Amino acid sequence: MHINPEVIDITKNEDMTDTNEYVNDSIQCSPKSQLSIANSVHELLGCPVCMNAMYPPIYQCSNGHTLCSACKTRVLNKCPTCRHDLGNIRCLALEKVAASLELPCRYQSLGCMGIYPYYCKLKHESQCSFRPYSCPYAGSDCAVVGDIPFLVAHLKNDHKVDMHCGSTFNHRYVKSNPHEVENATWMLTVFSCFGQFFCLHFEAFQLGMAPVYIAFLRFMGDDAEAKNYCYSLEVGANGRKMVWQGVPRSIRDSHRKVRDSHDGLVIHRNMAVFFSGGDRKELKLRVTGRIWKEH
């Protein structure tokens, strides 16, 4: 029996090999998107202890595991990954890689479209106008954050605050024993006017050894926009009155920060009791005021 020998076309096979290698190379070396690469590097820059982004100095153990300088003192000089002793080895390569990164703001989903160098990103985010607001309610340590419409609904539904429309107010504050002054919020009222929302605070607190009452207004928005408005507060009786005029503070400033700066109508207890009249055994203060827009 005669068997025809198999003919091998070397040229054809070489072409196929070259083609296969080219296809494989193109698959293996296909360029990743810049965002994907940036995200991968950003993951490397996360501290394994606090999970926050690391900034110079970034330290590493002898096995190359990294952590931030703040956590280095917390782990008692032991690498949290391999438990080897930590020295003072800086991971200069990772620091340089971080310096070359440009990343989107963490509030991109809320509307910020900026791209920032890695070492500038943290500062931008601390001041970003798109960052969410903290709940302005001061009666408890409320951790809720969100945009203004969300917080208005939250104040109304969860904190049950009084909601008013209009730019003028006339409130009466009553307390059975004016000699008992706690560091506690008395009342928060939300006003809607000029297409904006404002929070009126009234409370008692200790100023040194003296118990006092304070009323002040905060604007539900950023400080730059708050400066477009003014407000006045007035309290009095028996032919006397006290008047305060000022600019509302943004809710970016905490309630405590505004209160402790005395940026509002401050009434000492003796004057408050005097304004209450009667036998002075009950606090009865009527606070009136208005909000207007500067042109």
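Each value, and the rule that gives it
Residues numbered from 1 in each chain as written. Predicted model: local features only at pLDDT ≥ 70, side-chain atom pairs only at ≥ 80, totals over all residues. Heavy atoms only, no water. Helix = DSSP H or I, 4+ residues; strand = E, 2+ residues; numbered from the N terminus. Buried < 20%, exposed > 50% of the residue type's maximum accessible area, 1.4 Å probe, protein only. Contact = heavy atoms within 4.5 Å. Phe/Tyr/Trp six-rings, centres within 6.5 Å; stacked < 30°, edge-to-face > 60°. Lys NZ or Arg CZ within 6 Å of the ring centre and 35° of its normal. Salt bridge = Lys/Arg side-chain N within 4 Å of Asp/Glu carboxyl O. Pairing = 2+ DSSP bridges. Axes fitted to C-alpha atoms, helices over the stretch in contact; angles between N-to-C directions. pLDDT = per-residue confidence, 0-100. Core = buried A, V, L, I, M, F, W, Y, C linked by side-chain atoms within 4.5 Å. Arc of directions from axis to C-beta.

### Section: the overall build of the protein
Scanning the protein from terminus to terminus reveals nine helices and 17 strands. Put simply, the protein has 295 residues, and 36% of those count as buried. Look at the contacts in the protein between residues 6 or more apart in sequence, and 53% of them connect residues 24 or more apart.

### Concerning the packing of aromatic side chains
On inspection of all chains with the given rule, the structure shows 11 aromatic pairs. Ring centres 3.8 Å apart and planes at 10° place the aromatic pair Tyr173 and Phe202 in the stacked group. Of this pair, Tyr173 sits in strand 9 (residues 168–175) while Phe202 is found in strand 11 (residues 196–207), placing the two residues 29 residues apart along the sequence. A single burial state applies to Tyr173 and to Phe202, both of which are buried. Geometrically, the ring pair formed by Phe274 and Phe275 is tilted, given 6.3 Å between the ring centres and 55° between the ring planes. Of the aromatic side chains, those joined through ring pairs into one cluster are Phe194, Phe198, Phe219 and Tyr229. It is Arg252 that lies over the ring of Tyr133; its NZ or CZ is 3.7 Å from the centre.

### A word on the pattern of salt bridges
A full pass over the atoms with the stated rule returns 11 salt bridges. Put simply, Lys227 and Asp223 hold a salt bridge, and the shortest N to O gap is 3.3 Å. Its relative accessible area of 34% is what places Asp223 among the partly exposed residues. A salt bridge links Lys257 to Asp253; the shortest N-O distance between them is 3.4 Å. A residue is classified by how much of its surface remains accessible, and Asp253, at 17% relative accessible area, is buried. Through salt bridges with shared partners, a single network forms among Arg249, Asp253, Lys257 and Asp263.

### Quick notes on the sheet that holds strand 17 (residues 283–293)
What the four strands build is an open sheet, ordered 9-17-13-14; its pairing is antiparallel. Bordering the open sheet on either side are strand 9 and strand 14 (240–246), each of which pairs with just one other strand. Direction aside, neighbouring strands of the sheet carry axes that sit 20° apart on average. As paired strands, strand 13 (residues 229–237) and strand 14 are joined by seven bridges and run antiparallel to one another. Bridge assignment links Tyr231 to a residue of strand 14, and that residue is Gly246.

### Observations concerning the confidence of the model for the protein
When the pLDDT values of the protein are averaged, the result is 81; 80% of them are 70 or greater. At the level of individual helices and strands, the protein shows its lowest average pLDDT in helix 1 (residues 10–28), which scores 39, and its highest in strand 15 (residues 249–250), which scores 96.

### Overview of the sheet that holds strand 3 (residues 89–90)
Strands sit in the order 2-1-3 across an open sheet of three strands; the sheet is antiparallel. The open sheet has two edge strands, strand 2 (66–68) and strand 3, and neither has a second partner.

### Re the nonpolar core
Counting residues in each nonpolar core, the largest one holds 31 residues, and the members touching the most others are Phe198, Leu233, Leu285 and Ile291. The set of elements that each furnish at least two residues to this core consists of strand 9, strand 10 (184–193), strand 11, strand 12 (210–219), strand 13, strand 16 (265–268), helix 9 (269–276) and strand 17. Counting residues per element, this core draws most heavily on strand 12, at seven residues. Ignoring anything within four residues of it in the chain, the contact list for Ile291 reads Ser167, Phe169, Phe191, Cys193, Phe194, Phe198, Leu217, Cys230 and Tyr231. In this structure, Ile58, Cys79, Leu94 and Tyr118 belong to the second largest nonpolar core, which totals 18 residues.

### Notes on the pairing of strand 11
In regular strands, side chains alternate between the two faces of the sheet. The buried fraction of strand 11 is high, at nine of 12 residues. Relative to strand 12, strand 11 runs antiparallel, the two sharing 10 bridges. Paired with Phe202 across the two strands is Ala215, which belongs to strand 12. Linkage of strand 11 to strand 12, two consecutive antiparallel strands, is achieved through a turn of two residues, within which Gly208 is found at a positive phi near 70°.

### Digging into helix 9
Of all the positions in helix 9, only Ala272, Val273, Phe275 and Ser276 are classed as buried. Seen along its axis, helix 9 keeps its buried residues to an arc of 160°; they face one direction. Where helix 9 is buried, its residues meet strand 12, strand 13, strand 14, strand 16 and strand 17. Among the residues trailing helix 9, Gly277 stands out with phi positive, at a value near 70°.

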